[in-house]
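# Structural overview for review
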Amino acid sequence: MTGETSGAVVGVDVGGTFTDLVELDPSTGRVRLAKVASTLDNQAHGVLDALREAGCDLPKLGLIVHGTTTTTNAVLERKLSKTGLITTQGFRDVLELGRRTRPQAYGMKGDFTPLIPRNLRLEVPERMDASGAALIPLDEDALIAAGHQLIAEGCESLVIHFLHAYANPAHEQRAAEILRAIWPNDHITMGHALLSESREFERGVTAAVNASVQPLLDRYIRRLTEHLAKGGYQGEVLVMNGNGGMVSAARVAQEAAKTVMSGPASGVMAAAYTGRRAGQGNLITYDMGGTSTDVALIRGAEPTVSNEIELEYAMPIHVPMVDVRTVGAGGGSIARVTPAGLLEVGPQSAGATPGPICYGRGGERPTISDANLLLGRLDPAGLNAVEGGVSLEHVRDIFARDLGAPLGLEATAAAAAVIRVANTKMAGAIRMVSVSLGADPRDFALFAFGGAGPLHATALARELSIPRVLVPARPGITNALGCVVADLRHDFVTTLNTPLHRLDPADLHRVFAGQATEGEALIARENIEIRTIRRLYSVDMQFQGQTHLLRVPLDRPDVDADTLQQLFEAAYFKRFHVALDDIRANLVNANCSVIGARAELDLSALIDPAQRKQTLDEAMLTRRPVWFAEGDAGGGWHDTPVYWRDHLPEGFTLTGPAIVQQMDTTLLIEPGDHASGDADGNIIVQIGAAA
Amino acid sequence: MSLDPITLSVIQAGLQQVCDEMDLSFSRAAFSPVIAEANDRSDGIYAAKDGALIAQGAGGLPVFVGTMQESTRILVERIEQGITPAPQPGDIYIVNDPYLGGTHLMDVRFAMPFYRDGGLYCWLSNTGHWPDTGGSVPGGFSASATAVEQEGLRLPPVRLFKQGEMDSEIYAIICSNIRVADQRIGDVKAQAAALLVGEARLNELMDRYGDDTVSEAIEELRRRAAIQMRAFIADIPEGSYCATAWIDSDGVVNEPLEIALRVTRRGETLSFDFTGSSAPCAGPMNSVRATTLSAVYLAMRHIFPEVPMSAGAFEPLEVTGIEGTFLDAHYPRPVSGCAAEVSQRIAEAVFAALVAPLPDRVTAAPAGTSGNFALGGHDPERGRDFVMYQISGGGYGGNADHDGLSNGCSTIGISKAPPVEIMEQAFPVLYHRYALHEGSGGAGFHRGGFGLDYEVELRRGDARASFVMDHGRTGPQGVLGGGDGAVNRVTVWRDGVAYTPPHLSKDQDIPLAPGDRVHVRTPGGGGYGAPLTRPPEAVRYDVEMGRYTPAQAAEMFGVALTGTPPVVDAAETARLRRR
C-alpha cells in the first residue's frame with residue numbers, strides 16, 4: 001500500500017488470435033481501445049503493436065496489467081524449457097504413469113507425453129514416510145552427482161520432488177540448498193512449494209509445469225519490460241494469474257504455473273466487476289469464440305475458484321484458479337448428418353483455418369457461423385470483406401447439399417436446425433457446469449461475451465430459464481478489461497482434515513489469521529494503491545467416509561464447531577436433498593482469499609458518449625430479414641431493425657426482434673425480449689416468454 | 001414420419017442430459033470411494049414394457065452398458081409373472097442377484113418406476129458398486145470361492161423404498177450382513193436421490209415436449225441407433241473372423257479357461273458365436289449372461305464410440321453359443337471375477353477378431369486386467385483392522401495411430417488408481433517402487449504401452465495378501481504381426497524367500513509378516529504391425545528413455561545400437577532385419 005498510482009491504466013491481453021488492449025484514464029475518463037494480431041513467437045511485439053495502435057503515451061501511463069498465454073501455450077504444445085527432475089528412489093516414473101486413466105471413456109486409443117522425458121528424471125536415495133519421519137537420509141553425494149548430470153544434459157530448470165514432502169519438506173529444502181550452489185540459475189522448483197498437499201502425481205505435475213515454463217516466462221517478461229522501458233514507460237507491470245489476481249512482473253516467474261489460464265480468468269474478473277456495478281452479482285459467464293466456449297460461475301460478484309483444475313488429459317495444475325470450464329461448441333463447430341440421419345453439431349471444428357465457409361479461407365463444411373449468416377443474424381455484407389469472395393449462394397448450396405438433402409429440409413430450415421441443435425447442446429453443457437457447482441441456472445444472469453457469445457445468449461437463456469442476459473459494452477475485449485479492473489489477490493488453502501467434534505475452534509481461527517496476515521504482507525509488497533482489503537473465508541467439508549468435498553462459505557472467520565456443522569448440513573441438503581443426521585462431519589480445508597481492491601474505475605466511457613445518438617431511429621443502420629424460431633416447432637423471417645451499438649442512446653429500451661452490431665460482435669435480441677441500456681454501456685436483455 | 005429430425009436430436013440430447021445429471025448427483029453425494037472417485041456406477045432410463053435401454057449416462061462405468069437393461073427386463077418379467085410385487089409410485093426396488101441380469105454381488109441396482117398420468121411410463125435405474133456385501137472376504141473378491149454364498153449377500157428384487165419411505169426392516173437385514181454398514185446409509189440415500197433427480201428432470205422434459213412426442217422420439221431414436229450400428233457393420237467385409245482369449249485359471253483349478261469366438265458379418269448383422277468356450281468353472285471366473293452381453297457391447301462401443309447408447313445400437317449384434325459355457329453361469333456358480341476380469345477377456349477376443357477387418361479402429365490387446373491386490377490385516381499402531389486395495393493399470397495396445405498408452409485403466413472401467421502417498425497414509429505399508437514395467441510393451445510397428453512395476457512392504461502387524469489379476473500365462477495379444485505384451489508377474493518375498501502363486505495371477509490369504517514384500521509387474525500392451533518395420537529412430541529413443549535395453553532392441557525390433565546415449569548402427573540393423 002506504499003507508492004502511488006497515477007495516470008492511465010492499461011490492460012492488455014494476449015489471446016490465441018488477437019491481442020486486445022484497453023486504456024482507462026481515471027482523471028479524464030478517456031478510453032482507448034485496440035485489437036491487433038497476436039505475435040505468438042514473441043508476444044511482446046503484439047503488446048507493443050497494441051500500445052501503438054491505441055496511441056498510448058508510454059511515459060504518461062500509470063500502470064500496465066498484462067494477461068498472457070505464454071505459459072498455457074507452452075504446456076499445451078509441449079514447447080518447454082529443458083527441465084530435469086530429481087526425485088525419491090523408485091519413483092521417477094510417477095509423472096509418466098499418471099493415475100491409471102485413459103483420455104475418453106470409450107475408445108482404447110490414447111497418447112500422453114510427460115512434461116519431463118524419462119532420461120532427465122533422476123532418482124536419489126532418501127525417504128520420508130506419511131507422518132514425515134525420515135526413513136532414509138538424503139544421500140547428498142548422489143544428489144550432487146544427479147545435479148551435475150542434469151546440468152551436463154543442458155537442463156535449464158529443475159524440479160526437486162520427494163515423496164511426502166508436504167508432511168516434511170526438510171529433504172526438499174536441503175536438496176534445494178545444496179543444488180543452488182551448483183545450478184547455473186534461479187530456476188529451481190521444490191515440489192511442496194506451490195502445493196503442499198498429498199498426491200504425488202498432482203503435486204509433481206504442478207511443480208513440473210512451474211519449472212518447465214519458468215525460464216520462458218522469465219525471459220518473456222524481461223523482454224517486455226525492457227521494450228516498455230525503452231519506450232519511456234516508468235511504471236509497474238503487473239501480470240494476471242489464473243486466480244484472477246495479479247502479481248508484479250518481477251515476481252511472477254517464481255510461481256509461473258499460476259499464470260496458466262490467466263486469459264479466461266481475467267474475462268471472468270471483468271464479468272464479476274461489470275456485474276457488480278450493474279447490480280447482477282450472480283452470473284454465469286458465457287464466452288463463445290471460434291473453436292470453443294468457456295463457462296464460469298460467479299456468486300455474489302465472486303468468481304468460483306477451484307484448486308483442482310486439469311488443463312488437459314492427465315495435466316492437473318492444483319493451485320487455486322478461477323474455475324473456467326470449456327464446453328460445447330464454437331462458431332467454427334461443424335454440422336453433419338450421421339449415418340442414422342440425425343443432425344450433429346461438433347465436436348469437430350473448422351478452427352481458424354480453413355474456418356467456416358463464410359471466412360473464405362477454403363472452408364467447405366457447414367458451421368455454426370455459416371448458419372448464423374444464412375439466417376440473417378450475421379451481416380451478409382461482411383462477406384464482401386472476405387478475400388476469397390464467398391457468396392451467400394455458395395454457403396446456401398452447401399447447406400442444401402450436405403444437410404438439407406439428407407434431412408429433407410431446404411437450406412434455411414437446415415441452418416435453423418443447426419442453431420437449434422447447437423443451442424440445445426450448449427445449454428445442456430452450461431447446465432451441467434452450474435449443477436456440478438451446486439447452482440440452479442435460474443438464479444443467475446447470463447453474461448455473454450467473446451465473438452459469438454451475444455449471438456446465442458438470448459436463446460440459451462430461454463432454454464435454461466435464465467431470466468436475463470447481460471452484454472457488456474465491449475464483449476470482444478473483455479479479457480483486457482479484466483486486466484484493468486483486477487485486484488491483487490492471494491489464495492490460501494490449509495489442510496486440517498479433522499473430525500468436527502475434535503476440532504479446537506481456536507486452531508481454525510489461528511489458521512485463518514495466519515493466512516490473512518500472509519496475504520496482506522504479500523499485497524503490501526506491491527507498489528500499488530489499494531482501496532480496501534477484503535478477506536473471503538470458506539471451509540471444505542465432508543461427511544466422514546466421503547471423498548468429495550463441499551465448499552461452505554463463511555461470513556466471518558471466528559465460527560464455532562456447532563455453527564460449522566449447521567452450515568454444512570444446510571449446504572449439503574440444499575445441494576443433494578439428502579439429510580444425514582447420524583453421520584459426523586469432517587473439516588478438511590480452511591481457505592482464505594485476501595484481496596486488495598484497487599480504486600473503482602468508471603466504465604461509462606467504454607462507449608464514447610459523443611457517438612451516442614438521441615433516438616433509436618438515429619442509431620438504426622438498416623433493417624433486414626432475420627430468421628427466428630417460434631416455439632419449439634417452425635419459425636420464420638422477421639423484418640428486423642439493426643442498430644449500431646455505439647450509436648444507441650443512453651438509457652434506451654427496445655423490444656425484440658432486433659440486432660445490435662458492433663465492431664467485434666453481434667447481439668441477437670429475440671422477439672418478445674426487452675432490452676435496455678445502462679450507464680456503463682451494458683445491454684440488459686429481459687427474456688420474454690417463448691414466442 | 002411425423003416427427004422432424006431436429007426435435008429428435010433435441011430430445012435425444014434432453015434424455016442424455018437427464019441421465020448425466022443422475023450420474024453427477026450419485027457420484028457427488030456417494031460415500032463409497034468406489035462410486036465417488038472411481039465412478040463405478042451408472043444411471044439410465046429403460047422401457048416400461050421390456051427394460052430396453054432408452055438412454056444411459058455418458059459417465060457410467062462401461063461394463064454396465066448392457067447389464068442394466070437386462071436387469072430391468074428381468075424385473076419387468078418377474079413382476080408380470082407375479083414373482084416380484086408390482087410397483088406403486090414412490091417405490092424403489094433393490095437387487096444385486098448376478099443371475100438376474102447382474103455382474104457380481106457388489107454391483108447393487110436400484111430401479112424406480114416412472115409414472116405419467118398415473119400410468120407406468122418407463123423405469124429409472126442405477127447401479128453402484130458397494131464396498132462390501134458380506135461373504136468370506138472383505139470386498140467380495142474371493143479368489144477361491146466355489147459358490148455364490150461365499151461371495152456375499154444375494155438380494156432378489158425387493159422394494160427397499162415403499163411409496164417414498166425406506167423399509168427399515170429390509171435395510172436392517174442388509175446391514176447385519178455387510179461390513180462397515182454404518183456408512184452405507186449415505187450411499188443408499190445418494191443412489192435413491194439420483195433417481196429422484198432423474199424423475200424431476202424427465203418430467204420437465206416431457207411437460208415441455210409432450211408425452212406423445214417424447215414417446216415417438218424414443219421409438220425413433222432406437223430405430224436410428226440400429227441404423228447407425230448397421231451402417232458401421234456394413235464397413236466390415238462379409239465373412240467370419242475368429243479369435244481366442246485365455247484366462248489364466250479360475251483361481252481354484254489351475255488350468256486355463258478358453259474364450260473361443262467366431263464373429264460373422266452377414267448382411268447388416270454381426271454375430272458373436274462363443275461355441276467351444278470352456279465349461280462353467282469351479283472358481284469365481286464365471287460370467288453371467290448379462291455381463292457377457294455387456295462385454296460384447298462395450299467392446300463394440302470402444303470400436304465405434306460414435307453410436308449413441310440405446311437398445312437399438314445392440315439390435316444388430318447377436319450373441320450365441322454361450323449356453324453351457326462359463327460365459328453363462330447359473331446358480332450357484334461363483335462369479336466375483338466376471339465384471340473385473342472375464343468381461344475384459346471377452347472384449348479382448350472381440351478386438352482380436354475384428355482388428356483384421358477394421359485395422360484403423362481396433363487396437364492390439366490392452367493389459368485388460370483390473371490388477372486387484374487386496375491386503376487385509378491388523379495395524380497394531382492404530383489398534384484396528386484394515387483392508388487395502390491396490391488396483392493397477394497396464395499397457396494399452398499399439399494401434400494404427402500411435403504406440404499404446406502406458407498404465408491405462410481397465411477396458412471395462414474408467415477409474416483412477418490411488419496415489420502412493422494416500423495408501424501410505426491409510427495403511428501400514430511402504431512402497432519401494434512405483435515405476436514403468438520396463439520392456440513390457442509388445443513389439444510392433446507401433447509398440448504396446450508399458451505396464452506398472454511396484455513393490456510394497458508391510459511395515460507392522462500382520463496381514464494376508466490376495467490377488468485377482470490375469471494375463472499371467474500369456475501376454476496381451478499383438479496383432480497384424482506385432483508381438484504380445486509382457487505377462488503379469490506376482491512375486492511375494494517372505495522372510496527373503498520368493499514365492500510365486502501357483503496360479504500366477506490369482507491367490508488368496510498369503511500370510512505376510514513385517515518386512516515382507518509384494519512385487520507386482522502388470523502386463524504391457526500388445527504390439528501392432530511388424531516390429532521390423534518400426535523406424536529405428538523410434539526404437540533408439542525408447543532405449544535412450546530406458547524403456548527397453550539395447551539387447552531387447554536387437555531381439556524384439558532388429559535394431560542394433562551402440563554407445564550411450566545410444567546411436568543406431570545402420571549396417572548392423574540392416575543385417576539384423578534381413579534375417
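Residues numbered from 1 in each chain as written. Chains lettered and ligands numbered in written order. Predicted model: local features only at pLDDT ≥ 70, side-chain atom pairs only at ≥ 80, totals over all residues.

Scanning chain A for helices and strands turns up 17 helices and 35 strands. Seen through its C-alpha atoms, chain A measures out along the principal axes to roughly 80 × 65 × 50 Å. Here chain A holds 691 residues, and 54% of them are scored as buried. Across chain A, the fraction of contacts at a sequence separation of at least 24, relative to all contacts at a separation of at least 6, is 68%. (Helix = DSSP H or I, 4+ residues; strand = E, 2+ residues; numbered from the N terminus. Buried ≥ 20, exposed ≤ 12 C-beta atoms within 10 Å, placed from the backbone. Contact = placed C-beta atoms within 7 Å.)

Before going further, it helps to examine the sheet that holds strand β9 (residues 257-266) of chain B. Residues and elements named next belong to chain B. The sheet built from 4 strands is open, its strands ordered β8-β9-β10-β11 with mixed pairing. Two strands in the sheet have a free side with no partner beyond their single neighbour: β8 (239-247) and β11 (317-320). Geometrically, the sheet is characterised by an average inter-axis angle of 20° between neighbouring strands, direction not taken into account. Pairing geometry for strand β10 (residues 269-273) and β11, over 4 bridges, is parallel. (Pairing = 2+ DSSP bridges. Axes fitted to C-alpha atoms, helices over the stretch in contact; angles between N-to-C directions.)

Taken together, the 59 residues of chain A in the interface contact 68 residues of chain B. Breaking the side of chain A that touches chain B down by element, the ones donating at least two residues are α3 (94-97), α7 (200-230) and α12 (411-436) of chain A. In terms of residue count, the dominant contributor to the side of chain A that touches chain B is α12 of chain A (10 residues). Of the residues that constitute the side of chain A that touches chain B, the class distribution is 25 nonpolar, 19 polar and 15 charged. (Nonpolar A, V, L, I, M, F, W, Y, C, P; charged D, E, K, R; others polar.)

Residues and elements named next belong to chain A. One way to put it is that helix α9 (residues 262-277) packs onto helix α14 (residues 478-485) with a least axis distance of 7 Å and a crossing angle of 70°. One way to sum up the angle between α9 and α14 is to call them roughly perpendicular. In this structure, α9 uses Gly263, Ser266, Gly267, Met269, Ala270, Ala271 and Tyr273 to contact α14, whose residues at the interface are Thr478, Asn479, Leu481, Gly482, Cys483 and Val485. Taken together, the residues of the contact of α9 with α14 break down into 7 nonpolar, 6 polar and no charged. (Parallel < 35°, antiparallel > 145°, perpendicular 65-115°, else oblique.)

Residues and elements named next belong to chain B. What helix α11 (residues 536-544) keeps buried is the set Val539, Arg540, Asp542 and Val543. Looking straight down α11, one finds its buried side chains confined to an arc of 160°; they lie on one side. Buried residues along α11 sit in contact with α12 (550-557), β21 (561-562) and β22 (567-568). Immediately downstream of α11, the backbone of Gly546 shows phi near 75°, a positive value. (Arc of directions from axis to C-beta.)

Two modes of strand pairing occur in sheets, parallel and antiparallel, and in both the strands are linked by backbone hydrogen bonds. Residues and elements named next belong to chain A. An order of β29-β30-β32-β33 is seen for the 4 strands of this open sheet, with the pairing classed as mixed. Whereas interior strands pair on both sides, the edge strands pair on one side only; in this sheet they are β29 (620-629) and β33 (665-669). On average, each strand axis in the sheet is inclined to that of its neighbour by 25°, with strand direction left out of account. Two elements, strand β30 (residues 635-644) and strand β32 (residues 658-662), share 3 bridges in a ladder whose sense is parallel.

So, about the confidence of the model for chain A. On average, chain A scores 91 in pLDDT, and the residues at 70 or more come to 97%. Overall, residues 1-5 of chain A carries pLDDT values under 50, and its contacts beyond four positions in sequence, including any with other chains, amount to 11 contacts. (pLDDT = per-residue confidence, 0-100.)

With that settled, the discussion passes to the packing of helix α1 (residues 5-29) of chain B against helix α5 (residues 184-209) of chain B. Residue and element names in this part refer to chain B. Where α1 contacts α5, the two axes come as close as 8 Å, and the packing angle between them is 160°. Judged by the inter-axis angle, α1 sits roughly antiparallel to α5. Crossing geometry of α1 relative to α5 is assigned as right-handed. In contact with Ile11, Gly14, Val18, Glu21, Met22, Ser25, Phe26 and Ala29 of α1, α5 contributes Ala190, Gln191, Ala193, Ala194, Leu195, Val197, Gly198, Arg201, Leu202, Leu205 and Tyr209. Counted by class, the contact of α1 with α5 contains 13 nonpolar, 4 polar and 2 charged residues. (Left-handed = near helix turned anticlockwise from the far one by under 90°.)

Turning our eyes to something else, we now look at the pairing of strand β35 (residues 683-686) of chain A. Walk down a regular strand and you will see the side chains alternate between the two sheet faces. Residues and elements named next belong to chain A. Only one face of β35 is buried: it carries Ile683 and Val685, and the other face, with Ile684 and Gln686, is open. Where strand β24 (residues 468-471) meets β35, 4 bridges bridge the pair, whose relative direction is antiparallel. When the bridges of β35 are listed, Val471 appears paired with Ile683. Note: strand β34 (residues 674-677) against β35, 4 bridges, orientation antiparallel. If you follow Ser676 over to β35, its bridge partner there is Ile684. Where β34 hands over to β35, the hairpin turn is made up of 5 residues, of which Gly681 adopts a positive phi near 90°.

Further remarks concern the pairing of β24 of chain A. Residues and elements named next belong to chain A. In this structure, strand β23 (residues 445-449) lies alongside β24, joined through 3 bridges in parallel fashion. The partner of Ala445 across the bridge, within β24, is Arg468. What joins β23 to β24 is helix α13 (residues 453-464), and the crossover it makes is right-handed. (Right-handed = clockwise from strand over helix to strand, strands pointing away.)

This part covers helix α15 (residues 505-525) of chain A. Residue and element names in this part refer to chain A. Taking 1.5 Å of rise per residue, the 21 residues of α15 would be expected to cover 30 Å, and the 31 Å separating its terminal C-alpha atoms lies within 8% of that figure. Among the residues of α15, those classed as buried are Leu508, Phe512, Gln515, Gly519 and Ile523. Angularly, the buried residues of α15 cover 70° about the axis, an arc narrow enough to put them on a single face. Across from the buried face of α15, at angles greater than 90 degrees, the exposed residues are Ala506, Thr517 and Ala521. For α15, the secondary structure elements touched by its buried residues are β25 (487-499), β26 (532-543) and β28 (585-597). (Expected span 1.5 Å × (residues − 1).)

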